[in-house]
Amino acid sequence: MGIASVVQPRVLAEEYDLAIIGAGPVGLALAIETARLGLTTLVLDRRPPLATDAQVRPQLLVARAGDLAHLARLGVDLEDPRVVSRLHSRCEGDLASGRTVRGEIVGAAAGQVPALPGDLWALASQPPLALVPIGRLQQALLARALVHGATVAYGCEVTRLRRHARSVSLQCADGTTARAAMAVIATGAARPLIATILRDATPIEGVQRRLIGALFATGAKRGQWIRVELPVRGFDEPVRCTVLQTPEESGAGTALLVDPRIAGTPSLERLHQGFATAAQAHGLAGAPCIVPPMVFTTAATTLPHRFIGGDGRAPIVIAGDAAQTGHVFSGQTCFINVALALGLADQLREARGAIVDRVVNAPELLHALQRYDAQSAIGASILARASHRHTTGHRAGAWALAGVARA
Ligand SMILES: Cc1cc2nc3c(=O)[nH]c(=O)nc-3n(C[C@H](O)[C@H](O)[C@H](O)COP(=O)(O)OP(=O)(O)OC[C@H]3O[C@@H](n4cnc5c(N)ncnc54)[C@H](O)[C@@H]3O)c2cc1C
């Protein structure tokens, strides 16, 4: 008979005020703010620690003035060119028709902290101003979260969440367990955890598209944004692509995102064919990659509800891409979701006492969560509208010109 062995699960001993599942930009931004409020905050992520995580993501996030104001609020150094890479010019064109629009980027000068936007609509209507590599943003936010006293645990995939009278219990795949007065699911597009706690968890989904993107190691003289439609032999529709280029000194490279616009589900071969043409048109063919071409699915999605609570058990909130996404070409999903996370933190300030005292049904807590839900619904509709514009709203040839406000 074999000897039974019991592996002791790792227990994150202290009971926290808040447990955040997911250390993406949204989870970390929220952790900074809640730790600052004096709430004991735990962040769990299934990936390895950021510093050793070789699987970098290809996102060069497009930031507007209001997004930079939010990053400044979080303590991110806007003058660090490795994190915030200012755009110098934007060029949108339709190579098929020859129509192009070029513009200098007008915005707060380097050294100035932009003003906080009035609301989400004001934020969404601002023109792009800078590019922010997602991995470096996460590093910067992680450093701030730790400075403010948050605990961040990597290598912990949360597989089970249970709501109790005074707390939420969490269990990870490796047996790690934790408890908190409240939990926030910020797991990005991965939503299986939500299905276990919300009956009505099926996201409402817009048009799904399969795109291909990569991050090349080469930069430009100055930061630039190029959006074009390219004719590709054998494709009925022109291929849509966005090139986001950081200045060479930032070392953040050039992101190329390509939507081949093929009906149905494009094959891998077709996606790579569209990508190769776009790379060639932009002089990137054969350039070394930081992240090689990868295929991903994008769509505008939203959940009908973004929290569960007010029923005598500890609440759970859903934030970030787990709650709503926009189509990648809208270039706004991350920072709209960061803005919503900051709004959630503002709401929780009013309910801090109830969280600390574990009063799960306190009216101020319920009110805070309802206000957050309402704001998130607005965020989701902004993302859906922008996504619609980019996927279905434009005729071929007009897409690139109407993509973002003219400079
Ligand atoms: C190619 C591409 C380009 C994009 N460009 C832009 C852009 O220009 N502008 C913009 O605003 N947005 C852009 N986006 C969207 C942006 O990347 C997302 O909006 C953003 O990453 C969402 O942040 P998040 O923190 O909600 O989720 P994520 O960044 O996805 O982070 C979620 C975290 O949760 C962890 N996790 C998941 N499940 C579990 C679990 N069960 N237990 C523990 N941890 C878990 C994951 O490991 C991950 O670290 C782009 C996306 C793509 C794919």
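Residues numbered from 1 in each chain as written. Predicted model: local features only at pLDDT ≥ 70, side-chain atom pairs only at ≥ 80, totals over all residues.

Chemist: Account for the overall build of the protein chain, with residues named and values stated.
Modeler: Helices and strands together make up the secondary structure of the protein chain, namely ten helices and 20 strands. Looking at the protein chain as a whole, 48% of its 407 residues qualify as buried. For the protein chain, the proportion of contacts with a sequence separation of at least 24, taken over those separated by at least 6, is 76%. (Helix = DSSP H or I, 4+ residues; strand = E, 2+ residues; numbered from the N terminus. Buried ≥ 20, exposed ≤ 12 C-beta atoms within 10 Å, placed from the backbone. Contact = placed C-beta atoms within 7 Å.)

Chemist: Describe the environment of Phe275, and please don't skip the residues or the numbers.
Modeler: With respect to the secondary-structure elements, Phe275 resides in helix H6 (residues 268-281). Overall, the presence of 24 C-beta atoms within 10 Å leaves Phe275 in the buried class. Separated by 18 residues in sequence, Phe275 and Pro293 place their C-alpha atoms 8.1 Å apart. Contact partners of Phe275, with chain neighbours within four places excluded, come to Ile212, Val258 and Pro293.

Chemist: Requested: an account of the nonpolar core, with residues and values cited.
Modeler: The biggest cluster of nonpolar side chains holds 118 residues, and the ones touching the most others in it are Ala19, Leu30 and Ala319. The element contributing the most residues to this core is helix H7 (residues 333-350), with ten residues. Those residues in contact with Ala19 that lie beyond four places of it in its chain are Leu42, Leu44, Val168, Leu170, Ala178, Ala180 and Ala183. (Core = buried A, V, L, I, M, F, W, Y, C linked by C-beta atoms within 7 Å.)

Chemist: How would you summarise the site of the ligand if you had to cite specific residues and measurements?
Modeler: Of all residues adjacent to the ligand, which total 35 residues, the nearest are Gly22, Gly24, Gly188, Gly320 and Cys334. Breaking the shell around the ligand down by element, the ones donating at least two residues are helix H1 (25-36), strand E2 (41-45), strand E3 (60-64) and H7. Counting residues per element, the shell around the ligand draws most heavily on H7, which supplies four residues. (Near = placed C-beta within 6 Å.)

Chemist: If you had to explain the sheet that holds strand E11 (residues 204-205) to someone new, which residues and values would you point to?
Modeler: Taken together, three strands build an open sheet; the order of strands is E11-E17-E20 and the sheet is antiparallel. Each edge of the sheet is formed by a strand with only one pairing partner; in this case those strands are E11 and strand E20 (324-325). As paired strands, strand E17 (residues 301-302) and E20 are joined by two bridges and run antiparallel to one another. Note that in E20 the partner of Thr301 across the bridge is Thr325. (Pairing = 2+ DSSP bridges.)

Chemist: Lay out helix H2 (residues 65-73) in plain terms, naming residues and giving numbers.
Modeler: All of the buried residues in H2 are Ala65, Gly66, Asp67, Leu68, His70 and Leu71. Directly beyond the C-terminal end of H2, a positive phi value near 95° is found at Gly75.

Chemist: For the confidence of the model for the protein chain, give the residues involved together with the corresponding values.
Modeler: In this model, the protein chain carries a mean pLDDT of 88, and residues with pLDDT of at least 70 account for 90%. For the protein chain, per-element mean pLDDT is lowest for helix H10 (residues 399-402), which scores 60, and highest for H1, which scores 98. (pLDDT = per-residue confidence, 0-100.)

Chemist: Any details on unusual backbone geometry? Residues and values, ideally.
Modeler: The backbone phi angle of Arg261 is positive, close to 55°, even though this residue is not glycine. Among the secondary structure elements, Arg261 is positioned in the loop between strand E15 (254-259) and H6. For Arg261, a count of 20 C-beta atoms within 10 Å corresponds to the buried category.

Chemist: Any chance you could break down the packing of H7 against helix H9 (residues 363-391) for me, citing the residues and the numbers?
Modeler: Two elements in contact, H7 and H9, have axes whose closest approach is 9 Å; the angle formed by their N-to-C orientations is 165°. Taken together, H7 and H9 sit at an angle that is classed as roughly antiparallel. Of the two elements, H7 crosses H9, and the hand of that crossing is right-handed. Here Thr333, Ile336, Asn337, Leu340, Gly343, Leu344, Gln347, Leu348 and Glu350 of H7 come into contact with H9, specifically with Glu364, Ala368, Arg371, Tyr372, Gln375, Ser376, Gly379, Ile382 and Leu383. Taken together, the residues of the contact of H7 with H9 sort by class into eight nonpolar, seven polar and three charged. (Axes fitted to C-alpha atoms, helices over the stretch in contact; angles between N-to-C directions. Parallel < 35°, antiparallel > 145°, perpendicular 65-115°, else oblique. Left-handed = near helix turned anticlockwise from the far one by under 90°. Nonpolar A, V, L, I, M, F, W, Y, C, P; charged D, E, K, R; others polar.)

Chemist: Got a sec to walk through the pairing of strand E12 (residues 209-216)? Specific residues and values, please.
Modeler: For E12, a buried count of seven out of eight residues is recorded, marking the element as mostly surrounded by other parts of the structure. Pairing between E12 and strand E16 (residues 289-298): seven bridges, direction antiparallel. Looking at the pairing, Ile212 lines up with Val295 of E16. When E12 meets E15, the two strands line up antiparallel, connected through five bridges.

Chemist: Summarise H6; cite the residues concerned and give the values.
Modeler: The terminal C-alpha atoms of H6 lie 20 Å apart, and with 14 residues this matches the ideal 20 Å at 1.5 Å per residue to within 8%. Looking at the packing, one finds that the buried side of H6 touches E12, strand E13 (223-230), strand E14 (239-245), E15 and E16. Gly283 sits one or two positions beyond H6 and adopts a positive phi of about 70°. (Expected span 1.5 Å × (residues − 1).)

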